[in-house]
Structures are given as structure tokens and as C-alpha cells.
Amino acid sequence: MTDPGGLPVAVGADQLEAFCVERRSRLLSTALPADLAREIADAWRVLSAGRGEDFRCAVRSSATAEDGADASFAGQHDTYYFVDGSTLADHIRACWASLWTVQALQYRTTHGVADETVAMAVVVQELIAADVSGVAFTANPVTTTDDLVVEATWGLGAALLDGRVSPDRYRVARSDFAVLERHLGSKQLAVAADGTLQPVSDEERERETLLPQALAEVCAMALRCEEAFGGPQDVEWALAGERLWVLQSRPVTTLASPPAPVTPALPTGIFVLAKPLVENFSGPISPLLADLLECAVGPRLKVIYGRIYADISGYRPLMPWVMTDAEIARYLYSMFAILPERRRLSIPGLLRLTAAVLLAVLLLGPLLARSRNMPDDFMDGFAEHSRRLADDPDIDPLTLLTTLAMQPRLTSPLGLQPIAVNITAIRGAFWMGCVRLMLQRWTPDLPPELAVHLSHGRQGVRTAEMGQAIEGLAALARTTAAVAAILHGATTAEATLARLRAEPEAASFLAGLEGFLVVHGHRALRELDPCVARWREDPLPVLMMIRNQMAMSTDAGSRLERGFEARQAAATQVRAGLLAAAPRRAAWRWRLIDFAAARVGYFFKLRENSRFAHIHIFDALRRRLRVIGSDLLQRGLLRKWDDIFLLRLPELDAIAAGEMAAPAIQDRLADRRREQRQWARMTAPMTIGVEIDLEPDRYAADAGTLLRGLSASPGQCRGRARVIIDPTVDATLLPGEILVAPFTDPAWTPLFLTAGAAVVEVGSFLSHAGTVAREYGMPCVVDVERCTERIGTGDLIEVDGSAGTVRLLSGEAPA
């Protein structure tokens, strides 16, 4: 049995593909009627007359079912750019043939469009050599409100439409074109007038594509299209010089039947945002990583709205105080900083907590004992171990993750268990408490931040030493003019490395860079996210860090020396205080304090270095997934190998079993991209299942001039703020300026060499920002809500790392 278009009913994926291939082949192999071919040639001569030999056109589909109120068919049929007269007829036939792709046929079936009702016209347009191009929606396609949404990027719009660039995005008021929301995209690539994909310079990436006048002109043009067609429009446009061109206008079909918000099925229970994990991601995590983490960690961890949450039910029985669910959630969200004002002891909870601690000590006793005094390099073999497992074709991604991260064994070498080592290093917090308690009891008149200075400024912290390595490469580049010139002109890693390899004087620098990548190549910006390319794959961020460091005068050695000097000064001050308070007891009291402080320094170093090692787990996971994704790409099931991150584990199983064909996969990927975009625009709730109120002055006081956070490194600093969102792009930081950032990871370390202080939106005392700041002896405040919005570059601010506050100043000069 067949339908009117000749398609067998209920066919399998292979039959469907064969049917479509046969239809397309017949169209592509059939010559155009002679009279039609002549008409096309005549029309081309008219269109191209006087335009020169380089004149090119765009060949665009316009099917009769396209751009209706219920289905736009956007992206279902083919469009070709940079077509000349010699191949025009072939591209017209190819447009017609795109009626019979599997993707287009399934789209028609889904929307109830019969094949016999569809015909295809082809539009041949002059190709505009655009300086800027984009799309304009006269109604918000996400919220369905009537504000305008404009997206723009450099060059031609092909890279924007197929998702290869992140454009500038404007939300504009319909009445007066006032900008309600502005987001500058990364715009890494641009399609040039000759059709090639070119990298965009750092200056252009940071610059807005549309000035206010041009933005208003685009909005006015879009509204004229809406008036002409009688409804909200999706308008493609191009700006060449000062002239604005309308390329296409079609209905915003999503407004006819607004899609339901992408809302996950919320699990039963009460969940708290896991800030120690969330601080490692700048947005929602991928669906595949979400599945892997939930399966590996278990039911106590849930990924909701693309963010990681912890189930409080595992903490509730262990609370030593009588607390409501809201109080427990607030306590956990504040990283154990906010307890109820009035609380009473819970004897059952205290007994359960004591039993749990004793049980943990018994179970982890051998691990605790083995990790109490290890050399700095004992985890160096984990890199090769993780690479070997990642290259094993018989190990699936989930098994790889659980083997490397979640299965410590008593008989396994300790160096192959970085996650377990990282967990045991938390006892550094216990020793820090001991240092604070002893100082408070024996030297109550001394500043409490001396406990931090005594415990840090020690050698062997891998991330702090990475800053020294970057400084060494920068110093090497400074001494070679040819290398410096190449780095200053760097736009892509591939082009920059090619130029360096062709430069004889760059041999020493290249050897140093290779050595750096051998040690640090597994790291990346947002390094816990396997979606992100490692420095080994794309060393451009490293080259940018070196280039930025070349312009700075402060070196890592002096910063580490500052931390050492702060520890020595604190030791002198504490010993003098002990002598003044109790001369006869001063010696043994100092030995106790010094021992406890050394334990703090060791365990905090162990925690940071074990993180350096366990990042190899996510590097190995990316390696394994790249092999699987590349195989799916070769089989025509994916368009890019890293689309695999948008799939879920059951879907990978279905693909492996032959139960999902390419069209179904692409539909699923489109849904996931929409889902990820929606979640990226939302602010993740602090809790799920219960409402909490933080202390009224937790994040604001003094009419908004005082911002509160958590102390991560003591000290005070007054200076001008420098807000930096991406250290590989906007990394200019003058000596003494205060770094204000959304989060930090190792890619930010070189900036700490120059910063007078650091203010970070998310983080904790044990986060990367706090650890590096303490080693460098600089003030740092973390968990300062929306600090990158409330503080602007150039603002005069005062950071009190000891109190965990940031004060906005005005009309004063830096100290």
C-alpha cells in the first residue's frame, strides 16, 4: 500500500532513506527543458549585468507549504550561497530535490502536509556582501511577548543560521526601540564575502555589531514587514555599508501555538543547589553529562534545569539540631554558614551524626592513614592510567566514569584514586578549626585572619605553579621579537602554531609550550565539563594567557613569595603574642599551632592537587565520547561529533541498537538545543521543593553600597574594578586592579598574578579562587551574588577579604 506520494506506509528507516535517495537522484539526473534553461540563462544575464566577474547569487527554496502560520519548514529545504552562472541550473535542481530529503518528508508528515500538495519554487537573489547580518523577530519567539528580538553577527548570516556562531542578542521595546536586554555573543567566526569561514579578531569579538542607530533601523524595518504581512515576522536582514537589505520575511510560527515551557518532571523531595559543583560550570550542563553524573553518583544527586542539586534527605537525619526542612536547606545552601538563630540540640541527630562519623573513619581509616603524608607527585601516574582506559573500546562512558571516579579500592595505588583523596583532604577544615581555636584562646588580641596566613604560602600547589609556567613562557616570548609579534596577532591556534613552527627563532618557545601542554593540556576553561575542548586540543586559551602575561609586570615568583612572606610575618606575630601572654607555655603552644597549621597547608594543597589529577577523568570521558561521536558522524547520524553531548544515555543505546534514524536524532537535537537555550537564560533556583530566605543583609546593605559574600582569603585592598567574563578574551588587567569574575578555574590563574584582590560570584573557602588567592597572599571574597552586574569596570571598590565584604566607593581615590 502506498500514500499519494508513492511512499510505502510504516516503512523502516532504511526503506525511507532509499525511497528519498531514489526521488532525489531522478530529479538531479534529469536535464532541464531547453526553453526553461534558456529563460534561466537570460535571467542570469540581466541580474549579473555590469556586476563584474565576481558576482554571485544565493539560490533559495520557496515551497508552497513553507512559512505558513502552522509550520515554517525553516531549515528543511536547501539554500545555496556563492553560486555563479555556470552552476546555477545545477543548484536550482538541487533545491527542487531537497523536497525529498528524509528530514523534509518527515516534517511534512508530522505537520499533516500531503506530498501531492507541495511544489517548489526557487528564488535567485543577489548575494549581499554583508558587513553585519542577522535575524529580527517582531514578537519574542520564546516568551511570546511583543518585544522585538534581534540577533546579529559579523559577515554573512549563514554561520548564524546554522548555529556555528553565538551572535549578539538584543531585546528591544516595540514603542521606542529602547534596549531592554543586551547580550554580546562570542562571534568567533564570520562568513566572508568569498564564502570562506574566517576567525574574528579579539577586538571585533568584543565590539557590538549594531550601533544604536543601526539597531533602531533594523527594528523599524522589521515592524514594516509585520504591517505588510499582517502578523509577527521572522525577518532575515543584511547590512552592507550603510544600506540595510531585507532578505526574507516569514511568520513567527511558534506564536500560533506557543510551545509549553521546557519544564523537567521535578523529582519528589527537597533539593539544594550544589554550589561546590555548580561553580565549575558557567551554565546548564549537557544532557549526556547529567545522565552520567546521576547514574554514577546515585539518587542523592539530581540535575534539574541543567544544574546540579543535592537531595537534603540524606542530611536531615544527621543534623545535630532540631531544624525545619527550610532551615536545613538554607544551612546547606550557605555552605554551613547560616544556622537558625534559635536552635536546640537534637539528641537523636547528634547520635546518628556521631555514629556516621565513626563509621566513616572506620571505613576510610586505611585511606585516611595512607594519604596523611604523601609526596607532591604521587598522583602523576593517573594521567596515563586514565588515557589507557579511555582508549579501551570495550569500556562504555558510564563504566569509564565509575571506574576512574567512584570505585576506590584498598589494594589500588593511592595515586589512582584522586576523587577519594580529594574527599579525605576535607579534614584540612578540621585542622583549620583547631588553629583558629588555639589562636582565639591563647592570643585573643591578634587578628583572626592570622590562622589563614599561617596555613598557606607553601610550595607544591599545582595550580599556583601553573602561573609560574605561564610567566616563564611569557618571559621567553618577550625576549624574541618574532615570537612576540606572532602572539600579538594570534586569532586561531592552528594559524598561530603554523606561524611559530615556520619561525626559526621560535624553537625554544615551542619546546616550552609543548612541555606546558604535556603537564597541563588536560585542563580547560570550565574543565569539569567534557563538552569543552581541552588545552591540548585547542591551545589558543594558553596562547592568549601568555600574550596577556607578556604585557604584565608582576611575575608568579614574586606573588608566591608574597604568600611565603605573609606566613613568616604571621608566625612572628603569633610567637610574640604567645610570649607576651604566657612565656613559659609559649614554646609548646607554638609547636601545636605550627603543627596544626602545617596540616592545614598540606591537606588544602592535597585537595587542589587531587583536583588537578581528577580533571583527567573528564578529559578521558571526552576522549571516549569523541570516538563514539566521530563514529556516529561518519555514519551520517550526527552533523558534528560533539552533538553527542545533547543526547541521553538511553538514546545512545537506542542508536546502537538501530532504533533511532538520523531524522529522529536531528529532531531530538533541535529540541535539546532549545531546552539548553531556555535554561541558560534562567537563574537556577536556590532550592527545589521548599522556599528559603537568606539573611536580609546577606547580599546587600548600606543602600546597596556594601556587598556581602564569604571570606576566602584575608586582607584589604582598595582599587578600580575590572569585570572579566572570559579570561581568554577580555583578559586585560592592570597591576593593582581588582578582578571581578563570575567564577574561576585554572584558566584564570595568570590574572591573579596582577590583581590586587578578587571578587567572585560563586565559590567557597575551598574553591579554586580562594586556594590560589591564599597562596598568592591576596584578599578574595567569593559567593558575592550578581557582583559582575552590580560592579562595573572602573568602579572604585574596597575589598575586605577578612570580613567577606565589598564596598562600592565614589568620589575617592584608590589608596
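Criteria and thresholds
- Residues numbered from 1 in each chain as written.
- Predicted model: local features only at pLDDT ≥ 70, side-chain atom pairs only at ≥ 80, totals over all residues.
- Heavy atoms only, no water.
- Helix = DSSP H or I, 4+ residues; strand = E, 2+ residues; numbered from the N terminus.
- Buried < 20%, exposed > 50% of the residue type's maximum accessible area, 1.4 Å probe, protein only.
- Contact = heavy atoms within 4.5 Å.
- Areas by Shrake-Rupley, 256 points an atom, 1.4 Å probe, with all protein chains shown as cover.
- Pairing = 2+ DSSP bridges.
- Axes fitted to C-alpha atoms, helices over the stretch in contact; angles between N-to-C directions.
- Salt bridge = Lys/Arg side-chain N within 4 Å of Asp/Glu carboxyl O.
- Phe/Tyr/Trp six-rings, centres within 6.5 Å; stacked < 30°, edge-to-face > 60°.
- Lys NZ or Arg CZ within 6 Å of the ring centre and 35° of its normal.
- Parallel < 35°, antiparallel > 145°, perpendicular 65-115°, else oblique.
- Nonpolar A, V, L, I, M, F, W, Y, C, P; charged D, E, K, R; others polar.
- pLDDT = per-residue confidence, 0-100.
- Expected span 1.5 Å × (residues − 1).
- Core = buried A, V, L, I, M, F, W, Y, C linked by side-chain atoms within 4.5 Å.

Colleague: I would appreciate a short explanation of the overall build of the protein chain in the present structure.
Modeller: Scanning the protein chain from terminus to terminus reveals 28 helices and 23 strands. Within the protein chain, buried positions represent 49% of all 815 residues. Put simply, 65% of the contacts in the protein chain that link residues at least 6 apart link residues at least 24 apart. About 37,600 Å² of surface is accessible on the protein chain, with carbon and sulfur atoms providing 55% of the total.

Colleague: Help me out: how do you make sense of helix 9 (residues 287-297) in this one?
Modeller: In an α-helix, one turn spans 3.6 residues; hence positions three or four apart end up facing the same way. Burial runs high along helix 9: eight of the eleven residues are buried. Along helix 9, the residues classified as buried are Pro287, Leu288, Leu289, Ala290, Asp291, Leu292, Leu293 and Ala296. Backbone geometry just after helix 9 places Gly298 at a positive phi near 110°.

Colleague: For this particular structure, what's the right way to read the sheet that holds strand 5 (residues 148-154)?
Modeller: For sheets, the rule is that strands pair by backbone hydrogen bonds, running either parallel or antiparallel. Taken in spatial order, the six strands of this open sheet run 7-6-5-4-10-11, and their pairing is antiparallel. At either margin of the open sheet sits one strand with a lone partner, and together these are strand 7 (179-183) and strand 11 (243-251). For this sheet the average axis-to-axis angle between neighbouring strands, irrespective of direction, equals 15°. As paired strands, strand 10 (residues 233-240) and strand 11 are joined by eight bridges and run antiparallel to one another. Bridged to Val235 within strand 11 is Ser249.

Colleague: What am I meant to see in the pattern of salt bridges here?
Modeller: Oppositely charged side chains may form a pair once their charged atoms are brought near each other. Per the stated rule, a full pass over the model turns up 33 salt bridges. A salt bridge links Arg169 to Glu151; the shortest N-O distance between them is 3.6 Å. Taken together, the positions of Arg169 in strand 6 (residues 168-172) and Glu151 in strand 5 put the pair 18 residues apart, joining distant regions of the chain. Of the residues examined, Arg169 reaches a relative accessible area of 15% and is grouped as buried. We note a salt bridge from Arg250 to Asp234, for which the minimum N-O separation is 3.4 Å.

Colleague: Could you clarify how one ought to interpret the sheet that holds strand 17 (residues 710-713) in this entry?
Modeller: Here eight strands make up an open sheet; going across it, the order is 16-23-22-18-19-20-21-17 and the pairing mixed. The open sheet has two edge strands, strand 16 (706-708) and strand 17, and neither has a second partner. Averaged over all pairs of adjacent strands, the angle between strand axes in this sheet comes to 30°, irrespective of strand direction. As defined by bridge partners, strand 17 adjoins strand 21 (residues 780-782) across three bridges and the pair is classed as antiparallel. Looking at the pairing, Ser713 lines up with Cys780 of strand 21.

Colleague: Any chance you could explain the environment of Val627 here in plain terms?
Modeller: Looking at the element boundaries, Val627 is found in helix 23 (residues 586-634). Sequence separation between Val627 and Ala390 is 237 residues, and the spatial gap between their C-alpha atoms is 9.5 Å.

Colleague: Mind showing me how you'd approach the pairing of strand 18 (residues 716-723) here?
Modeller: Residues in a regular strand project their side chains so that they alternate between the two faces of the sheet. Inspection of the sheet shows strand 18 paired to strand 22 (residues 796-800) by five bridges, in the antiparallel sense. The residue of strand 22 that forms the bridge with Gly719 is Ile797. With three bridges connecting them, strand 18 and strand 19 (residues 738-741) associate as parallel partners. By the bridge assignment for strand 19, Arg722 is matched with Leu739.

Colleague: Explain the packing of aromatic side chains here, please?
Modeller: Aromatic rings considered in pairs are described by the distance between their centres and by the relative angle of their planes. In this structure the tally under the stated criterion is ten aromatic pairs. With centroids separated by 6.3 Å and ring planes inclined at 25°, the aromatic side chains of Phe516 and Trp535 adopt a geometry described as stacked. In this pair, Phe516 is assigned in helix 20 (residues 507-520) and Trp535 in the loop between helix 20 and helix 21 (540-550), connecting sequence segments 19 residues apart. As far as burial versus exposure is concerned, Phe516 and Trp535 are alike and both buried. Clustering of aromatic rings is evident, with ring pairs tying together Phe430, Trp431 and Phe595. The ring of Trp100 is capped by Arg23, whose NZ or CZ atom sits 4.5 Å from the centre of that ring. Sitting over the face of the ring of Trp245, Arg243 holds its NZ or CZ atom 4.0 Å from the ring centroid.

Colleague: I would appreciate a short explanation of the packing of helix 9 against helix 24 (residues 649-656) in the present structure.
Modeller: Contact geometry for helix 9 and helix 24: axes closest at 8 Å, N-to-C directions at 105°. In terms of their interaxial angle, helix 9 and helix 24 are classed as roughly perpendicular. Touching Leu288, Asp291, Leu292 and Cys295 of helix 9 are Leu649, Pro650 and Leu652, all from helix 24. A per-class count over the contact of helix 9 with helix 24 returns six nonpolar, no polar and one charged.

Colleague: In this structure, what is going on with unusual backbone geometry? I would like to understand it.
Modeller: Comment: phi is negative for the bulk of residues other than glycine, and the bulk of peptide bonds are trans. Phi at Phe177 takes a positive value of approximately 60°, unusual for a residue other than glycine. Residue Phe177 is classed as partly exposed on the basis of its relative accessible area of 24%. Located in the positive-phi region is Asp783, a residue other than glycine, with phi close to 60°. With respect to the element layout, Asp783 can be found in the loop between strand 21 and helix 28 (787-790). The buried category is assigned to Asp783, whose relative accessible area is 3%.

Colleague: Sorry if this is basic, but what is going on with the confidence of the model for the protein chain here?
Modeller: Detailed conclusions should not be drawn from predicted coordinates in areas where pLDDT is low. Chain-level pLDDT for the protein chain is 82 on average; 87% of the residues reach the 70-or-more range. The weakest mean pLDDT in the protein chain belongs to helix 4 (residues 102-110) at 69; the strongest belongs to helix 20 at 94. Predicted confidence is poor over residues 65-74, with pLDDT under 50, and the contacts of this stretch with residues over four places away or in other chains come to 27 contacts. Counted against residues more than four places away or in other chains, residues 256-261, with its pLDDT under 50, gives six contacts.

Colleague: Even after reading the chapter, I still don't get the side chain of Gln666, so can you show me in this structure?
Modeller: Of note, Gln666 is situated in helix 25 (residues 662-681). Apart from the residues lying within four places of it in its own chain, the contact partners of Gln666 are Leu637, Leu638 and Arg639.

Colleague: Explanation requested: helix 25 in the structure shown.
Modeller: The end-to-end C-alpha separation of helix 25 is 29 Å, in line with the 28 Å expected for 20 residues at 1.5 Å each. Looking only at helix 25, the buried set comprises Pro663, Ile665, Gln666, Leu669, Arg672, Glu675, Gln676 and Trp679.

Colleague: Sorry if this is basic, but what is going on with the nonpolar core here?
Modeller: For soluble globular proteins, nonpolar side chains are generally found buried alongside one another. One finds Ile285, Leu288, Ile308, Leu400, Ile644 and Ile665 to be the most contacted residues of the largest nonpolar core, which totals 42 residues. Counting only elements with at least two residues in this core, the list comes to helix 9, strand 13 (301-304), helix 12 (382-390), helix 13 (397-405), helix 23, helix 24 and helix 25. A per-element tally of this core places helix 23 first, with seven residues. Dropping the residues within four chain positions of it, Ile285 is found in contact with Ala290, Leu293, Val303, Gly306, Ile308 and Gln676. Grouped together as the second largest cluster of nonpolar side chains are 27 residues, Leu487, Ala493, Leu513 and Leu517 included.

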